[in-house]
Amino acid sequence: MPTRKAQTIHSQASDAQVDGPSLFEQALLPLVGKIPASKERKHKVPLDAARKKANAAAARAAMAAGALALPPGPLGWLTILPEMMGVWKIQKQLVADIAALYGKHAQLTPEQVVYCLFQHTAAAGVRDLVVRVGQRTIVRRASPLLIRTLTRRIGAKLAQRALGKGVARWLPIVGAVGVGAYAYYDTAQVAATAINLFEGVIEMDVKVLPEDSPSPA
């Protein structure tokens, strides 16, 4: 028979599956709002500067996530969303800084930020925003209705990830180290996507992409 702790984990995981997407959708909406300012300037060697910026941001994200993952058990579950939001804030600033290093901060849009943050974890959720055509990248502007559709898709994916994070809360120290390591990796992937995007030619699609009943993630 399962232990009481295992039963508790299963019960909380089930609750996260039911309630998670709506909570994550609400948390994601600020990401498609105001673009962070950046103190960075266009760099002569933007790739090297961007990589240094990425390493520093990844380290900060790992420390922030690991610290919030320290509380064990049920208390730890309450820190999952704040942890993810804290990492997103670091990553959002990182995208803005990398854009500035490439001299493209003025072109930066909320759609590009969302693409950089979630292309590696929820590619299906952001595929409507960015289209590759040869060496060019066409960024499509999304309507408010489509933004809600995208946050719903991405939120569902993130809710699934949160289950693993919740289980890790039952493993003090070891779980926190794992959460921190993942935050480091995740931030490095965001940087790689941003570098790949800003190294190329970016064109804005003048048409606003409406909600066109995209296929589910």
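Up top you'll find the structure we're talking about.
This write-up is about the structure you can find in this document. Only a predicted model underlies this, so the values are computations on that prediction, with no experimental measurement involved.

## Considering the pairing of strand 1 (residues 130-133)
As judged from the 4 bridges shared by strand 1 and strand 2 (residues 136-142), these two strands associate in the antiparallel manner. In the strand pairing of strand 2, Arg-132 is matched with Thr-137. As consecutive antiparallel partners, strand 1 and strand 2 are separated by 2 residues, and within that stretch Gly-134 has a phi angle of approximately 65 degrees, a positive value.

## Some details on helix 4 (residues 80-101)
Helix length check: helix 4, at 22 residues, gives a terminal C-alpha distance of 32 Å against a target of 32 Å (1.5 Å per residue), a fit within 8%. Among the 22 residues of helix 4, 16 are classified as buried, and the element is accordingly described as predominantly covered. Two residues or fewer past helix 4, Gly-103 is found with a positive phi of approximately 70 degrees.

## A few points about the nonpolar core
In terms of nonpolar packing, the biggest core is built from 49 residues, with Trp-88, Val-95, Ile-98, Leu-108, Leu-117, Phe-118 and Phe-198 touching the most fellow members. Where this core is concerned, the elements lending two or more residues are helix 1 (4-28), helix 2 (46-68), helix 4, helix 5 (110-118), strand 2, helix 7 (144-168) and helix 8 (174-199). Looking at which element gives the most residues to this core, the answer is helix 4, with 11 residues.

## Quick notes on the packing of helix 2 against helix 4
With their axes 9 Å apart at the nearest point, helix 2 and helix 4 run at an angle of 170 degrees to one another. Between helix 2 and helix 4, the angle falls in the class roughly antiparallel. Between helix 2, through Pro-46, Ala-49, Ala-50, Lys-53, Ala-54, Ala-57, Arg-60, Ala-61, Ala-64, Ala-65 and Leu-68, and helix 4, the contact on the second element is made entirely by Pro-82, Glu-83, Val-87, Ile-90, Leu-94, Asp-97, Ile-98 and Leu-101. Here the residues of the contact of helix 2 with helix 4 are counted per class, giving 15 nonpolar, no polar and 4 charged.

## Quick word on the side chain of Asp-97
Residue position: Asp-97 is located in helix 4. In this structure, Asp-97 is buried with no salt-bridge partner, the nearest side chain bearing the opposite charge being Lys-53 at 4.0 Å. For Asp-97, the residues in contact, after removing those within four places along its chain, are Ser-38, Lys-39, Glu-40 and Lys-53.

Procedures and definitions
- Residues numbered from 1 in each chain as written.
- Predicted model: local features only at pLDDT ≥ 70, side-chain atom pairs only at ≥ 80, totals over all residues.
- Heavy atoms only, no water.
- Pairing = 2+ DSSP bridges.
- Helix = DSSP H or I, 4+ residues; strand = E, 2+ residues; numbered from the N terminus.
- Expected span 1.5 Å × (residues − 1).
- Buried < 20%, exposed > 50% of the residue type's maximum accessible area, 1.4 Å probe, protein only.
- Core = buried A, V, L, I, M, F, W, Y, C linked by side-chain atoms within 4.5 Å.
- Axes fitted to C-alpha atoms, helices over the stretch in contact; angles between N-to-C directions.
- Parallel < 35°, antiparallel > 145°, perpendicular 65-115°, else oblique.
- Contact = heavy atoms within 4.5 Å.
- Nonpolar A, V, L, I, M, F, W, Y, C, P; charged D, E, K, R; others polar.
- Lys, Arg positive; Asp, Glu negative; His and termini not counted.
- Salt bridge = Lys/Arg side-chain N within 4 Å of Asp/Glu carboxyl O.

What is shown is where atoms sit, not what they do.
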